[in-house]
Structure formats: C-alpha cells, structure tokens
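For reference, the chains in residue letters:
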Amino acid sequence: MESDKITQLYFSDVNMPITYDRRKFLKKLGFGIIIVFSIGKLSLLQGWGQNDNEEIADFNAFLRVKEDGRVDCYTGKVEMGQGIITSLAQAIAEELEVPISSVDMIMGDTDLCPYDAGTWGSLTTRFTDPVLRAAAAEAREILIDLAAEQLGVPDTMLEVVDGVVFVKNELSKKITYAELTKGKKIVQSLKKKPEIKKSKDFEIVGKPIISIDAEAKVTGKAKYSADIKLPNMVYATMVRPNVYGSKKILVDSSGLSVFEGAELLEEGDLVAVVHADPEIANKAAKKVKVTWEEPAAKADNETIFQYLDDHIQESKVFEEGGSLDKGRASSMKIFEANYYDGYKAHAPIETHSATCYFKEGVLIMWVSSQTPFGTREELSKALDMPLEKVHIKQIFIGGGFGGKVYNQQAVEAAKIAKLCGKPVQLVWSRSEEFMYDRFRPAALIKTASGVDNNGKLTLWEFDIYCAGTRGTKLFYNIPNNRTRMFNKDDIHPLGTGAWRAPGNNTTTFARESHIDATAHAVGIDALEFRLNNLKNENMIATLKLAAETFGWDSEKAKGHGYGIALGEDAGTSVAIIAEVYVDKNTGEVEPIRVVCAQDMGQVVNLHGAKLQAEGGITMGLGYALYEEIVFDGGMVKSRRFNSYEITRFSKTPKIECVFIDKMDSKPQGGGEPAIICVGGAIANAVFDACGARVNRMPITPNRILEVLKKG
Amino acid sequence: MKKSISFKLNGKPISVDVTGGEFLITVIRTNLDQTGTKYGCGIGDCGACTILIDKEPVRSCMIFVEDVAGKEIITIEGLVTNGFLHPIQKAFVAHDALQCGFCTSGMIMNAYGLLLQNPELTREEIISGMDENLCRCGSYNRIIDAIQTAATEMNEKM
C-alpha cells in the first residue's frame with residue numbers, strides 16, 4: 001500500500017469491521033462477562049464512547065471477565081515495542097478496579113481477536129484506549145449490579161478494590177469478581193457511554209508502570225516469528241535478483257545436486273530453496289543461477305531529486321489562504337529555498353520473518369506483521385483461499401516503524417509451504433531486509449516565505465514532492481499561504497511506504513529549517529520569531545515549556561549551537577530543542593542534548609510516553625545525521641548496517657522529555673510525534689553552531705564542509 | 001559426514017552432530033532450541049546474537065560451531081539462577097531499557113561480558129564497549145543506566 005493511501009485510511013476506514021460471523025466464536029468462549037463493541041464506530045466517529053445499535057456480529061473488540069476473576073482483553077492491535085501491551089492493560093485495570101497483573105492481553109490473533117486495520121499512525125492510545133476504558137467501566141457496572149443482587153444492598157452502597165466488591169463501611173460483607181462470574185455467561189454490547197473515571201480518581205492511569213512484557217524480553221522467553229519451530233519444518237532461502245523489480249527469465253538449478261535434500265521451488269518470479277537445515281538451504285540457494293531481466297535505471301541517490309522535479313507536474317492544493325500576490329507585495333523580504341531528503345530504511349533489528357504450516361486446509365502463520373488482519377487478507381488473495389482459512393497467531397514483533405505494514409515475506413512463506421507441502425520458516429537476511437524494505441520516499445520541498453517590517457510572516461509557499469501532507473496544516477499565523485502536494489504513482493525506483501510518522505519527518509525538517517533561516521535573515525531570535533508568529537495556543541505553551549526546560553538563554557560553549565523545531569502529529573504538539581557541537585574542521589556533529597516537550601493530552605503511562613519520545617528522538621537522530629539509502633536504479637547499495645549507519649550508543653545525547661499537564665483531556669498519539677522534529681532541530685542547531693545551513697538530510701560532515709567552503 | 005562437537009551450554013555438557021562450518025547461532029537456535037539469541041544481521045554488524053564463550057562476549061553469527069569445542073557457552077537462557085533474574089536482567093527491567101526486545105539478549109550478554117572483564121566500568125567505557133550493539137527502538141540511554149545499576153549491585157555482592 002502506498003503511504004498516501006495509508007493516510008487516507010486514518011480517516012476513512014480504520015478498524016471498520018469485515019463482516020465475519022463471531023457468534024460462533026462467542027459460543028465457544030467459556031463463562032464470564034463479555035463486553036463487545038466496535039472501536040471503529042465508537043471511537044473514530046463519535047470520538048469517545050457513544051454507540052448506536054450495533055449488532056453483536058459486528059463487534060470488533062472485546063473484554064472478558066473470567067470465572068477466576070482474571071480479565072482477558074482481546075484486541076487486533078499488536079505489540080512491537082511501543083508499549084501498548086502495558087498501557088491498554090493499565091486503562092482496563094483502572095476502570096475495572098483490578099490489579100494490572102490480572103489483565104491478560106490477547107493481541108493480533110486473527111481467530112481470537114476482533115478485526116483491526118493495523119497498528120500504525122499512533123492510533124491505539126487515541127482510539128482503542130478510550131473504548132476499552134468504556135468497556136471496562138461497563139463490565140464493572142454489570143459486576144456491581146450482580147453484587148448488589150447477591151449482597152442484598154443497593155449498588156450505591158458498594159465499592160470495588162482489587163477485584164473485590166465491598167459494602168461501604170461494612171467491609172466484611174464482600175464478594176469477588178471470580179465469585180460473581182462463576183457459572184454465568186453475560187454477553188453485552190456496549191450501548192451507551194458509561195461513566196468513566198476522571199483523572200482525579202486515577203490510581204493506575206498516569207502512573208509510570210514498567211512494561212509488563214519486560215521480564216519475558218530480558219530472559220529470552222518472549223517469542224518472535226522466527227522462534228517458532230514446527231515438526232518436520234524446512235527453512236527457506238529466497239534466490240533474489242540484484243536489482244529491485246527484476247523479472248525472472250531462466251533458472252539453472254544444476255548446482256543444487258550436491259546438496260542432498262535441498263529442494264528448489266518456483267512460482268512466477270519466486271525462486272526458493274528449502275532444506276531441513278537452514279545453513280544448507282542458504283548455501284544451496286547461492287548455487288542456483290537465475291537470469292533476470294532488470295528494469296532500466298531511473299535515477300540514483302544524487303539524481304533522484306531532479307528526477308522527481310522533472311517528472312511530477314500534477315499537484316493538489318492542500319491548504320490555501322489569502323493571496324500569494326498580496327503576500328509577496330506586503331513582504332519586506334522574501335526567502336526561497338529547496339529542501340531535500342533521501343530514502344530511509346526502517347531497519348528494525350528483527351528482519352521480516354514468517355513461520356507457517358497448513359493443517360486441514362487452514363494456513364496457520366506466525367508473522368512479524370504490524371497488520372495481522374491485512375496480512376490475512378493478502379494471504380487469502382495470494383493463495384486464493386477464503387479469509388477464514390487463514391489464521392495469523394499472536395506473536396511479539398521486533399520493531400516495526402511502519403516497515404512491517406508490508407508483508408511480502410508472509411506470502412513468500414505461504415507459497416513455499418504450499419509448494420513443498422511442509423511447514424516452512426522464512427527469515428529474511430539483513431541484505432534482503434534492506435533491498436525489499438518499503439523506504440520512506442526521497443522527497444523535495446520548495447519553499448518561499450515573506451516577512452513584514454514587524455517580523456510577522458506574511459507569505460508561505462510550500463510545495464511538497466513525495467512527502468505527503470501529514471502534519472503540514474499551518475500552525476503559524478501566515479495570512480497568505482499555499483501548501484501543495486506533488487505526487488505520481490510508481491515514480492520511485494524502489495519500494496516506498498510509511499515510515500514512523502511518514503513524510504512529516506521530511507516536511508517538518510523543511511518548514512522548521514526555513515522558518516529558522518527566515519528568522520535569522522531578519523535578525524530575530526529563533527524562539528522569539530516563532531512565538532511572534534504562532535497562532536495555536538497549545539503549540540505556544542509547548543514551545544515555552546521546551547524553552548524553559550532547555551534554558552534557551554543559557555550560554556553556549558564554543559562550537560556549540562542550539563536549534564528549535566516544532567511539529568504536529570497524531571493530535572500531539574511537539575517542540576524539540578537540540579544542542580550540538582560541530583567540529584568545523586571535520587564537519588562531525590556531536591549531539592549533546594535534546595529537550596522534547598509534548599502536548600499529548602492525557603498521558604496514560606508517563607513512563608511509556610517518555611520511552612516512546614526518547615526512542616523517537618534517538619531513532620530520529622539517525623535520519624537527521626546518518627541515514628540515506630545509496631542506490632543506482634533498482635540496485636540498493638546500502639545493504640548492511642556498516643553502510644546504512646543508524647544511531648549508536650556513542651551518538652546518543654542526553655534526552656529530557658516533558659509533558660504539558662492535561663490529565664482531563666483525551667489522550668493523543670505518542671509513538672510517532674517526537675521523531676518528526678529531530679531533523680529540523682538538528683539542522684538549526686548545526687547552523688547555529690557553525691553557520692552551515694544544510695538543506696539536505698542527512699546532514700553529513702561532507703555536506704556541512706561543502707556549505708562552509710562556499711561561505 | 002557428521003561429527004560430534006562437545007561444549008558446555010549454560011552449565012550443561014552438550015554434544016551436537018554437525019557437518020562442520022555451521023555458524024554457532026544456527027546450532028544454538030535450531031539444534032538446541034535456545035531461541036533467546038537473536039539473528040539481526042548475520043555478519044557481525046548488530047550484536048543481537050551476542051553470547052559468552054569462556055566469559056568473552058562473541059557474535060554467535062561470526063563463529064563456527066567447531067571452534068567452540070570444549071568451551072563454555074552462556075546464552076541469555078543461562079542467566080536466571082534458581083528462578084532469580086541476574087542483576088543485569090533486573091536492572092534492564094527496572095530501567096525499562098528495552099522496547100521491542102529484539103536486541104535485548106545481545107545487549108545483556110555483551111554487558112555481562114564487559115562487566116566480567118571489568119566490574120568497575122565508567123560510563124564512557126560502557127558506551128565504547130557497547131557501541132557495536134544496535135537498538136533501533138532507541139533505548140541506549142536506559143541501557144547505559146541499567147548497566148551502571150547492575151554493576152553496582154554485582155560489585156556489592158562480590
């Protein structure tokens with residue numbers, strides 16, 4: 001799926017249920033109190049827990065209080081490091097009044113869990129969490145009603161502590177959730193918005209809770225897709241071309257004969273070797289000679305920007321205000337600049353993997369996918385099987401960042417399993433991971449800004465080539481403005497897709513660099529200039545919090561520079577201020593310190609929110625300073641970590657994350673927002689440190705030295 | 001022709017039948033079913049497969065199984081003793097020094113190896129000793145803090 005289509009999904013059909021009869025499933029479930037609801041309708045359309053006449057067959061999330069008093073939460077979302085296995089459990093525990101340790105999260109299993117379009121876009125906390133809370137509150141109300149009946153008192157006399165219902169002021173009269181659910185089966189659809197807790201009553205939400213999966217992960221017990229071993233399983237190695245998009249012409253498998261038990265499998269352009277020993281499969285695959293027809297090279301990593309500029313003419317206006325002519329006329333000074341960003345890899349440490357087998361006509365698979373239900377659909381189409389004959393199982397995912405929205409490896413593994421008739425494991429090599437990644441697209445942004453005599457922005461032109469419009473709605477007060485999006489299908493020589501907060505990284509870099517350059521050109525301090533031109537109160541408060549925390553006015557050490565960037569993503573306002581040291585002789589940048597302030601509404605898990613922001617900033621330093629795919633046409637040359645450098649221990653600065661206190665607001669996104677401001681803040685800090693305005697990411701030593709040389 | 005290679009894995013004597021030339025990571029994960037050791041790159045760039053061989057941290061994707069004959073190997077599965085987490089594991093949990101968890105085993109094993117060599121590592125020494133281990137989720141600062149906490153606890157016990 002193209003990145004812009006995913007953006008559309010955010011607003012149209014995220015979580016819309018596929019018609020799928022779950023009555024059968026409900027029958028199979030044991031006793032307990034089961035609350036079913038549709039997150040799509042509840043959350044996206046009405047915002048916060050209203051429901052219409054949903055049929056139980058249409059539900060797509062549910063919660064079950066079991067006979068032992070433990071709580072199962074079934075959600076189609078997956079855990080890939082972003083911490084929702086903890087924060088969702090936290091919200092449920094809060095509303096149900098049970099200890100967090102008695103909540104079990106069942107995630108992403110397509111037979112057990114309700115449909116979900118995918119774990120992306122920092123949607124979980126915004127849209128799943130409120131509805132789960134409502135369901136938990138509803139379950140609590142049912143349990144209290146049952147308790148009132150059993151204890152013979154009105155429900156207003158009752159209170160719950162740790163899953164035990166007490167009569168107020170008469171603590172010996174009590175009954176546990178386990179006793180209440182014993183032998184009962186109550187299935188209820190969430191119909192109204194139950195009373196959910198206000199922040200002043202929170203006991204668990206808002207508290208820093210350590211990740212509940214941490215122990216499994218530090219002991220090596222947490223299972224990922226490649227950790228599954230099935231009886232009689234074979235390991236597959238793909239035979240790949242050197243150039244992306246190549247078509248198979250001829251296969252010469254004569255070299256295979258020396259590898260006893262190695263089997264060659266072919267279907268269309270798929271060529272693979274399987275063997276019971278993964279190392280033999282690997283060695284044997286290297287001996288298979290395939291003649292490929294390679295597509296003509298369109299561009300390389302240096303010519304790509306001109307190529308995009310030359311080949312994309314069509315545009316759509318995204319936002320427009322006032323008149324550009326008027327803006328130009330009223331500007332004392334006009335500044336124009338282009339900004340560039342190369343292709344970025346997701347580079348999760350776990351490569352794309354899948355383990356699968358067929359059992360009685362059903363395909364069962366463990367797969368490193370951010371979209372288990374999407375993968376199920378893809379498999380059903382690719383193998384021409386009914387949807388219900390494909391079962392994706394719950395599994396941990398070793399980092400996604402958008403890259404595991406795409407699951408070519410799942411289709412490859414399933415086809416191979418079908419062809420060879422055995423259980424199959426396919427784990428992409430690091431080289432394949434780089435080659436078949438769906439990169440954050442290379443992008444070009446053309447900007448023009450104008451300022452009047454009072455230091456007010458009067459003109460803003462922003463033409464975005466291939467980075468999309470996410471996060472580009474103007475939060476600066478600029479009366480005459482136009483933002484356009486330029487794009488074209490199949491323009492990229494490589495696979496492209498969504499990368500943690502997709503193009504918002506690129507456009508935020510361009511906007512914030514240009515705002516800074518404009519402020520500098522008119523001789524106004526970067527903080528003052530922004531405060532003077534912002535219209536959004538949340539953003540102003542967030543920036544002020546960042547500036548205070550950072551100490552914007554503090555004295556800089558020699559060779560050090562400070563840089564600000566602001567951005568909006570997933571409902572969250574972000575302000576980042578970075579300090580770097582630049583060695584003017586070598587162009588080397590040392591990130592010293594990053595302060596990040598966020599207005600993300602209610603912070604469900606303070607600790608988790610910090611982890612996500614810190615992680616985003618650390619990862620973001622990579623795209624700002626080091627990461628760029630080197631390629632020639634479809635030939636990806638950056639195929640390992642020594643040629644595609646990501647942030648390391650020694651490059652990680654001190655990071656401090658602070659949040660606006662808004663515990664009574666709706667929670668907003670946390671997985672992506674912080675990362676978008678890293679490029680801009682670093683670019684501006686580099687300029688402040690050494691005077692080099694580098695308009696292309698990554699901001700490498702060579703690019704800094706080139707600008708410094710030009711003077 | 002298969003040959004038998006013997007070594008100690010997490011304190012237990014082990015013999016595996018191999019053809020030779022297999023990478024240790026494959027034998028640990030596939031033959032011995034110890035899947036806590038992770039494949040991240042297969043060429044020694046990322047450190048996800050780090051284990052200890054005779055107390056030295058080593059990338060198990062870069063060493064052949066026959067080279068560990070007679071040696072003592074410790075993997076992440078070998079750190080828990082009598083049901084108790086090792087101080088490094090405890091500190092990783094306490095500092096939440098992980099997100100997706102895929103680099104974690106390698107991080108912990110590399111840190112363990114460093115601390116066995118020098119129990120009083122400075123922050124700078126931790127950074128340089130850990131620098132070849134990659135984490136994409138961005139937990140580096142927390143990992144450094146966790147290693148410092150663990151070092152303190154390990155030294156108090158000694």
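Here the structure is a predicted model, which is why all the values come from computation and not from measurement. (Residues numbered from 1 in each chain as written. Chains lettered and ligands numbered in written order. Predicted model: local features only at pLDDT ≥ 70, side-chain atom pairs only at ≥ 80, totals over all residues.)

**Q** Quick question: what am I supposed to make of the overall build of chain B here?
**A** Scanning chain B from terminus to terminus reveals five helices and five strands. Of the regular secondary structure in chain B, the N- to C-terminal order runs β-β-α-β-β-β-α-α-α-α. Projected onto the principal axes, the alpha-carbon positions of chain B cover approximately 50 × 35 × 25 Å. Scored against the burial criterion, the 158 residues of chain B give a buried share of 53%. Within chain B, contacts between residues at least 6 apart in sequence are counted, and of these 59% link residues at least 24 apart. (Helix = DSSP H or I, 4+ residues; strand = E, 2+ residues; numbered from the N terminus. Buried ≥ 20, exposed ≤ 12 C-beta atoms within 10 Å, placed from the backbone. Contact = placed C-beta atoms within 7 Å.)

**Q** I keep staring at helix 2 (residues 87-94) of chain B and nothing clicks. Help me out?
**A** Within an α-helix, residues lying three or four positions from one another point in the same direction, as the helix has 3.6 residues per turn. Where helix 2 of chain B is concerned, the buried positions are P87, I88, Q89, A91 and F92 of chain B. The secondary structure elements touched by the buried residues of helix 2 of chain B are helix 7 (214-218) of chain A together with helix 3 (104-117) and helix 5 (140-157) of chain B. Taken from the residues just after helix 2 of chain B, D96 of chain B is the one with a positive phi, measuring 45°.

**Q** Would you take a moment to explain the pairing of strand 13 (residues 289-293) of chain A for this structure?
**A** For a regular strand, side-chain orientation follows a simple rule: the groups alternate between the two sheet faces. All names here are of chain A. Among the five residues that make up strand 13, zero are buried, leaving the element largely open to the surroundings. Note: strand 10 (residues 247-252) against strand 13, five bridges, orientation antiparallel. From the neighbouring strand, K247 faces strand 13, where its bridge partner is E293. (Pairing = 2+ DSSP bridges.)

**Q** Quick question: what am I supposed to make of the nonpolar core here?
**A** In globular proteins that are soluble, nonpolar side chains generally tend to be buried together. All names here are of chain A. Ranked by size, the top nonpolar core spans 236 residues in total, and within it I92, A236, I576, I682 and V686 carry the most contacts. Ranked by residue count, the leading element in this core is helix 5 (residues 124-151), at 10 residues. Once you skip the residues sitting within four places of it in the chain, A236 turns out to touch A272, V274, A281, A413, I416, V424, Q425 and L426. Counting seven residues, the second-largest nonpolar core is a separate cluster that includes W120, L123, F401 and V405. (Core = buried A, V, L, I, M, F, W, Y, C linked by C-beta atoms within 7 Å.)

**Q** Mind showing me how you'd approach the confidence of the model for chain A here?
**A** In low-pLDDT regions, the fine details of the predicted coordinates are not to be read closely. All names here are of chain A. For chain A, the average pLDDT comes to 89, and 91% of its residues sit at 70 or higher. Note that pLDDT drops below 50 for residues 1-21; the model gives that stretch 36 contacts with residues more than four away or on any other chain. Across residues 40-58 the pLDDT falls below 50, and counting only partners more than four positions away or on other chains, this stretch makes 43 contacts in the model. (pLDDT = per-residue confidence, 0-100.)

**Q** So what exactly am I meant to see when it comes to the packing of helix 2 of chain B against helix 5 of chain B here?
**A** Each packed pair of helices is defined by two parameters, the angle between the axes and the distance between the axes. All names here are of chain B. The geometry of helix 2 relative to helix 5 is characterised by a closest axis approach of 8 Å and an angle of 140° between their N-to-C directions. Taken together, helix 2 and helix 5 sit at an angle that is classed as oblique. For the pair helix 2 and helix 5, the sense of crossing is right-handed. Mapping the contact onto sequence places P87, I88, A91, F92 and A94 in helix 2 and A146, T149, A150, E153 and M154 in helix 5. Counted by class, the contact of helix 2 with helix 5 contains eight nonpolar, one polar and one charged residues. (Axes fitted to C-alpha atoms, helices over the stretch in contact; angles between N-to-C directions. Parallel < 35°, antiparallel > 145°, perpendicular 65-115°, else oblique. Left-handed = near helix turned anticlockwise from the far one by under 90°. Nonpolar A, V, L, I, M, F, W, Y, C, P; charged D, E, K, R; others polar.)

**Q** I'm lost on the interface of chain A and chain B in this one. Help?
**A** Interfaces are often described in size by the accessible area the parts lose on coming together. Contacts between the two partners involve 47 residues from chain A, matched on the other side by 45 residues from chain B. Within the residue set of the side of chain A that touches chain B, elements represented by two or more residues are helix 7, helix 8 (278-286) and helix 17 (606-625) of chain A. The greatest single-element share of the side of chain A that touches chain B, amounting to eight residues, is contributed by helix 17 of chain A. Its residues placed into classes, the side of chain A that touches chain B shows 21 nonpolar, 16 polar and 10 charged.

**Q** Help me understand the environment of R133 of chain A, please; the structure alone is not making it clear to me.
**A** When you line up the elements, R133 of chain A lands in helix 5. Under the C-beta neighbour-count criterion, R133 of chain A is labelled buried, with 24 such atoms within 10 Å.

**Q** Got a minute to help me understand the sheet that holds strand 16 (residues 353-359) of chain A in this structure?
**A** All names here are of chain A. Taken in spatial order, the seven strands line up as 11-12-9-19-16-17-18 in an open sheet, and their pairing is mixed. Lying at the two open borders of the sheet, with one neighbouring strand each, are strand 11 (263-267) and strand 18 (390-392). When strand polarity is set aside, the average angle formed by the axes of neighbouring strands in this sheet is 25°. Pairing of strand 16 with strand 17 (residues 362-367), which is carried by six bridges, proceeds in the antiparallel orientation. Looking at the pairing, A354 lines up with V367 of strand 17.

**Q** Would you mind going over helix 4 (residues 84-96) of chain A with me for this structure?
**A** Look at helix 4 of chain A: 18 Å from first C-alpha to last across 13 residues, which is about the 18 Å you get at 1.5 Å a residue. E97 of chain A, located one to two residues past helix 4 of chain A, shows a positive phi value of around 60°. (Expected span 1.5 Å × (residues − 1).)

**Q** I'm lost on the sheet that holds strand 6 (residues 164-167) of chain A in this one. Help?
**A** Within a beta sheet, neighbouring strands are joined by backbone hydrogen bonds and run either parallel or antiparallel to one another. Residues and elements named next belong to chain A. Strand order in the open sheet made by the three strands is 5-6-7, with antiparallel pairing throughout. Each end of this open sheet is capped by a strand with a single partner; those strands are strand 5 (158-161) and strand 7 (170-176). Ignoring strand direction, the axes of neighbouring strands in this sheet form an average angle of 35°. Here strand 5 runs beside strand 6; their pairing, made up of four bridges, is antiparallel. Bridging from a neighbouring strand, L158 pairs with V167 of strand 6.

**Q** What is the right way to read unusual backbone geometry from this model?
**A** The phi torsion of most residues other than glycine is negative, and most of the peptide bonds are trans. With an omega dihedral of -5°, the bond running from M697 of chain A to P698 of chain A counts as a cis peptide bond. Looking at the secondary structure, you find P698 of chain A in the loop between strand 29 (696-697) and helix 19 (701-710). Positioned with a positive phi, D384 of chain A is a non-glycine residue whose angle comes to about 55°. Mapping D384 of chain A onto the fold places it in the loop between helix 11 (372-382) and strand 18. Of the residues examined, D384 of chain A has 6 C-beta atoms within 10 Å and is grouped as exposed. Unusually for a residue other than glycine, D33 of chain B sits at a positive phi of about 55°. Here D33 of chain B lies in the loop between helix 1 (24-31) and strand 3 (50-53). Judged by the 10 C-beta atoms lying within 10 Å of it, D33 of chain B falls in the exposed class.

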